[in-house]
Amino acid sequence: MKNFTEIFNDDSIKELQKQLLFSGLDEDEIYLFILHAKPKYLHINRGESVQIAEKFDHMMCVVYKGETNVYSIEYDGYKTLLKNLSSGNSSCQMYTMFDYATDLVEFTASEDSDIIFIEPQSLFIGEKNLAFIQQKILVNVIASQREYLLTLSEHLSILSQRSIRDKILRYLSLQSSKYGKNEFDIPFSRDELANYLAVDRASLSRALGSMKKENIIDFRKKRFVLLDQKQFKKILK
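This write-up is about the structure you can find in this document.

### Overview of the overall build of the protein chain
Working step 1: When its secondary structure is counted, the protein chain shows 7 helices and 12 strands.
Working step 2: For the protein chain, the C-alpha radius of gyration of 19 Å lies close to 18 Å, the compact-globule estimate for 237 residues.
Working step 3: The buried share of the protein chain, taken over its 237 residues, is 47%.
Working step 4: In the protein chain, 68% of the contacts between residues at least 6 apart in sequence involve partners at least 24 apart.
Working step 5: Counting only carbon and sulfur atoms, one obtains 50% of the accessible surface of the protein chain, whose full area is about 12,400 Å².
Working step 6: Across the protein chain, the mean location of the 32 positive side-chain charges is 9 Å away from that of the 33 negative side-chain charges.

### A short note on the sheet that holds strand β12 (residues 223-226)
Working step 1: The 3 strands are arranged β10-β12-β11 in an open sheet whose pairing can be described as antiparallel. Of all strands in the sheet, those bounded by a partner on one side alone are β10 (183-185) and β11 (217-220). Adjacent strand axes in the sheet meet at a mean angle of 20 degrees when their direction is disregarded.
Working step 2: Judged from the 3 bridges that link them, β10 and β12 form a sheet pairing that is antiparallel.

### So, the packing of aromatic side chains
Working step 1: Following the criterion strictly, the structure yields 11 aromatic pairs and no others.
Working step 2: A centroid spacing of 6.0 Å and a plane angle of 25 degrees characterise the contact between F4 and Y41, whose relative ring orientation is stacked. Of this pair, F4 sits in the loop between β1 (2-3) and α1 (10-17) while Y41 sits in strand β2 (residues 40-44), and the two are 37 residues apart along the sequence. An identical accessibility class is assigned to F4 and Y41; each is buried.
Working step 3: Taken together, F4, F8, Y31, Y41 and Y64 form an aromatic cluster joined through their ring pairs.
Working step 4: Cation over ring: K79 sits above Y71, and NZ or CZ is 4.7 Å from the ring centre.
Working step 5: It is K212 that lies over the ring of F219; its NZ or CZ is 4.7 Å from the centre.

What counts and what doesn't
- Residues numbered from 1 in each chain as written.
- Predicted model: local features only at pLDDT ≥ 70, side-chain atom pairs only at ≥ 80, totals over all residues.
- Heavy atoms only, no water.
- Helix = DSSP H or I, 4+ residues; strand = E, 2+ residues; numbered from the N terminus.
- Rg over C-alpha atoms; globule rule 2.2 N^0.38 Å.
- Buried < 20%, exposed > 50% of the residue type's maximum accessible area, 1.4 Å probe, protein only.
- Contact = heavy atoms within 4.5 Å.
- Areas by Shrake-Rupley, 256 points an atom, 1.4 Å probe, with all protein chains shown as cover.
- Lys, Arg positive; Asp, Glu negative; His and termini not counted.
- Charge placed at Lys NZ, Arg CZ, Asp CG, Glu CD.
- Pairing = 2+ DSSP bridges.
- Axes fitted to C-alpha atoms, helices over the stretch in contact; angles between N-to-C directions.
- Phe/Tyr/Trp six-rings, centres within 6.5 Å; stacked < 30°, edge-to-face > 60°.
- Lys NZ or Arg CZ within 6 Å of the ring centre and 35° of its normal.

Here it is in structure tokens:
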């Protein structure tokens, strides 16, 4: 990984301002913190996967451009999709990897992505002129962890559904509530969605096809439309 201080510029700072971790900080404050924290920088091209070395698995991570999926990889090679991280999505701008330190962590980019890794110690150690900046960032860390716990709770509520159909209904209902409309794009391909729901890919396709025939949903690739609102209201109760 490169040192972010070697490549960051005014455009990078503007992008960082859009992220939850740096919410409320002006450009000068972000500049001072980056010089102090000396984050590591990683670029991943669309479709590529990168496994994160153990020496980075305790760091905080911000995807400030693009979109990636984060997987944990178990000792036998089995991959579990943990979450989707994208710039501009408040629940995904910050990701603390130490929760998965017993497994390898892999990033797979669905878009060209720029990511920085920040040493947690940089939030607590520094000069006096950094104290107010660090305080602001710590407040944002708390907000970010709240978002993370909310998305984790939602994922568990999906996995707890007994049937594939109910898992799909629960997931799409939550996505609809998130976007505030009945038509939206999901961040996952079919293979990724099957992994996220912990179901077989072929079984997922059959369930989706059946729900489409019954006019419960309509879809094309990642675009979904919820047609039968009674079904979705029932699953949210």
